[in-house]
Amino acid sequence: MNSSQIQTFFETLKRVNPSPQTELEYTNVFELLAAVLLSAQATDVGVNKATRRLFPVANTPAKMLALGVEGLSGYIKTIGLYPTKAKNLIATCRILVEQHGGKVPGTREALEALPGVGRKTANVVLNVAFGQPTMAVDTHIFRVSNRTGLAPGKNVVAVEQGLMKRVPAYYLVDAHHWLILHGRYVCQARKPQCPRCAVASCCDFPDKTRD
Ligand code: SF4
């Protein structure tokens, strides 16, 4: 994609959805961090189902820490990899309580030092909670970036760097959500919905689908 195609691509996504949001449900920064940590290799729908019961009893690091690994596991058993996630989340809560005054830190370094928090989770928290123009490349963003020619790359770091360079600054904060939602609902893995795609005219995918 050339820069004028990229401009049209984001202009269009913005027009269709002016204020894109994460589909994970949360009411504070800690809940966002916990939800993102739980969402690795799981669907947002599945995570929301579990956190609707969990967050009313544990909406702070101290309250979640008090549940302990076993107590927390009872709430998240329906989420894949829950034993590891429960251990990581409780260990993360302990660090938040002991080293950060019970608050979620707003720097990449401090976030990535938390158990179970990798680059992608840190990027989501920095973007959604702290408004930083980060790009958390998940499977949807990776596919859309490569398929459309927006920011081709062999791995997630290459795609992340490509996006940070190519997405116009004006769209950078929301780009992550637009691309995830576009990949989840339109530019789907098995069969992209090209005939009803709003950005088809600026997409370089050579094998666009027809009805
Ligand atoms: S035209 Fe097809 S391949 Fe291109 S972005 Fe739209 S759905 Fe994806």
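Residues numbered from 1 in each chain as written. Predicted model: local features only at pLDDT ≥ 70, side-chain atom pairs only at ≥ 80, totals over all residues.

Engineer: Even after reading the chapter, I still don't get the overall build of the protein, so can you show me in this structure?
Structural biologist: When helices and strands are counted, the protein shows ten helices and zero strands. Along the protein, from the amino end to the carboxyl end, the secondary structure elements read α-α-α-α-α-α-α-α-α-α. Radius of gyration (C-alpha) of the protein: 18 Å, near the 17 Å computed for a compact globule of 211 residues. Across its three principal directions, the C-alpha atoms of the protein cover 55 × 35 × 30 Å. Within the span of the protein, comprising 211 residues, buried residues form 35% of the whole. Across the protein, the fraction of contacts at a sequence separation of at least 24, relative to all contacts at a separation of at least 6, is 57%. (Helix = DSSP H or I, 4+ residues; strand = E, 2+ residues; numbered from the N terminus. Rg over C-alpha atoms; globule rule 2.2 N^0.38 Å. Buried ≥ 20, exposed ≤ 12 C-beta atoms within 10 Å, placed from the backbone. Contact = placed C-beta atoms within 7 Å.)

Engineer: Mind showing me how you'd approach the domain arrangement of the protein here?
Structural biologist: Interfaces are frequently sized by the accessible area removed from exposure as the parts join. Domains assigned within the protein are domain 1 (3-20 + 134-202) and domain 2 (29-128). With centres defined by C-alpha atoms, the gap from domain 1 to domain 2 works out at 27 Å. With seven residues of domain 1 at the interface, the matching set in domain 2 holds five residues. Each residue belonging to the side of domain 1 that touches domain 2 can be placed in one class, and the counts come to four nonpolar, two polar and one charged. (Domains from an automatic or database assignment. Nonpolar A, V, L, I, M, F, W, Y, C, P; charged D, E, K, R; others polar.)

Engineer: Is there a simple way to explain the site of the ligand in this structure?
Structural biologist: Taken together, 13 residues form the shell around the ligand, and within it Cys-187, Pro-192, Cys-194, Cys-197 and Cys-203 come nearest. Taken together, the residues of the shell around the ligand break down into nine nonpolar, two polar and two charged. (Near = placed C-beta within 6 Å.)

Engineer: How should I be thinking about the UniProt feature "binding site: [4Fe-4S] cluster" (unreviewed entry) in the protein in this particular structure?
Structural biologist: As annotated by UniProt and renumbered to match this structure, "binding site: [4Fe-4S] cluster" (unreviewed entry) occupies Cys-187, Cys-194, Cys-197 and Cys-203. Spanning 17 residues, the annotated positions come together in the fold, the maximum distance between their C-alpha atoms being 10.7 Å. Within the fold, Cys-187 resides in the segment after helix 10 (172-185). Excluding its chain neighbours within four sequence positions, the residues that come into contact with Cys-187 are Val-144, Arg-147, His-182, Pro-192 and Cys-197. If sequence neighbours within four positions are ignored, Cys-194 has contacts with Ala-200, Lys-208 and Thr-209. (UniProt positions renumbered as here; feature names shortened; annotations may be inferred.)

Engineer: Whenever I open this one, the packing of helix 4 (residues 61-76) against helix 5 (residues 82-99) confuses me. Can you help?
Structural biologist: How two helices sit against one another is set out by the angle between their axes and by the gap between those axes. At a minimum axis distance of 8 Å, the contact between helix 4 and helix 5 shows a crossing angle of 175 degrees. Taken as axis vectors, helix 4 and helix 5 run roughly antiparallel relative to one another. Where helix 4 abuts helix 5, its residues Pro-61, Ala-62, Met-64, Leu-65, Gly-68, Val-69, Leu-72, Ser-73 and Ile-76 lie against Tyr-82, Pro-83, Lys-85, Ala-86, Lys-87, Leu-89, Ile-90, Cys-93, Arg-94, Leu-96 and Val-97. Residues that form the contact of helix 4 with helix 5 fall into these classes: 15 nonpolar, two polar and three charged. (Axes fitted to C-alpha atoms, helices over the stretch in contact; angles between N-to-C directions. Parallel < 35°, antiparallel > 145°, perpendicular 65-115°, else oblique.)

Engineer: Explain the environment of Gln-7 to me, please; I cannot follow it from the model alone.
Structural biologist: Relative to the helices and strands, Gln-7 resides in helix 1 (residues 3-16). On the basis of neighbour counts, which here come to 16 C-beta atoms within 10 Å, the residue Gln-7 falls in the partly exposed class. In sequence terms Gln-7 and Tyr-170 are 163 residues apart; their C-alpha atoms lie 10.0 Å from each other.

Engineer: Teacher, can you tell me more about the nonpolar core here?
Structural biologist: Soluble globular proteins: nonpolar side chains tend toward being buried together. Leu-33, Leu-89 and Val-125 are the most contacted members of the largest nonpolar core, which has 53 residues in total. In terms of residues, this core owes the most to one element, helix 2 (residues 29-38), which gives eight residues. For this core, the domains that each give at least three residues are domain 1 (3-20 + 134-202) and domain 2 (29-128). Residues in contact with Leu-89, not counting those within four places in the same chain, are Ala-34, Leu-37, Met-64, Leu-72 and Gly-116. (Core = buried A, V, L, I, M, F, W, Y, C linked by C-beta atoms within 7 Å.)

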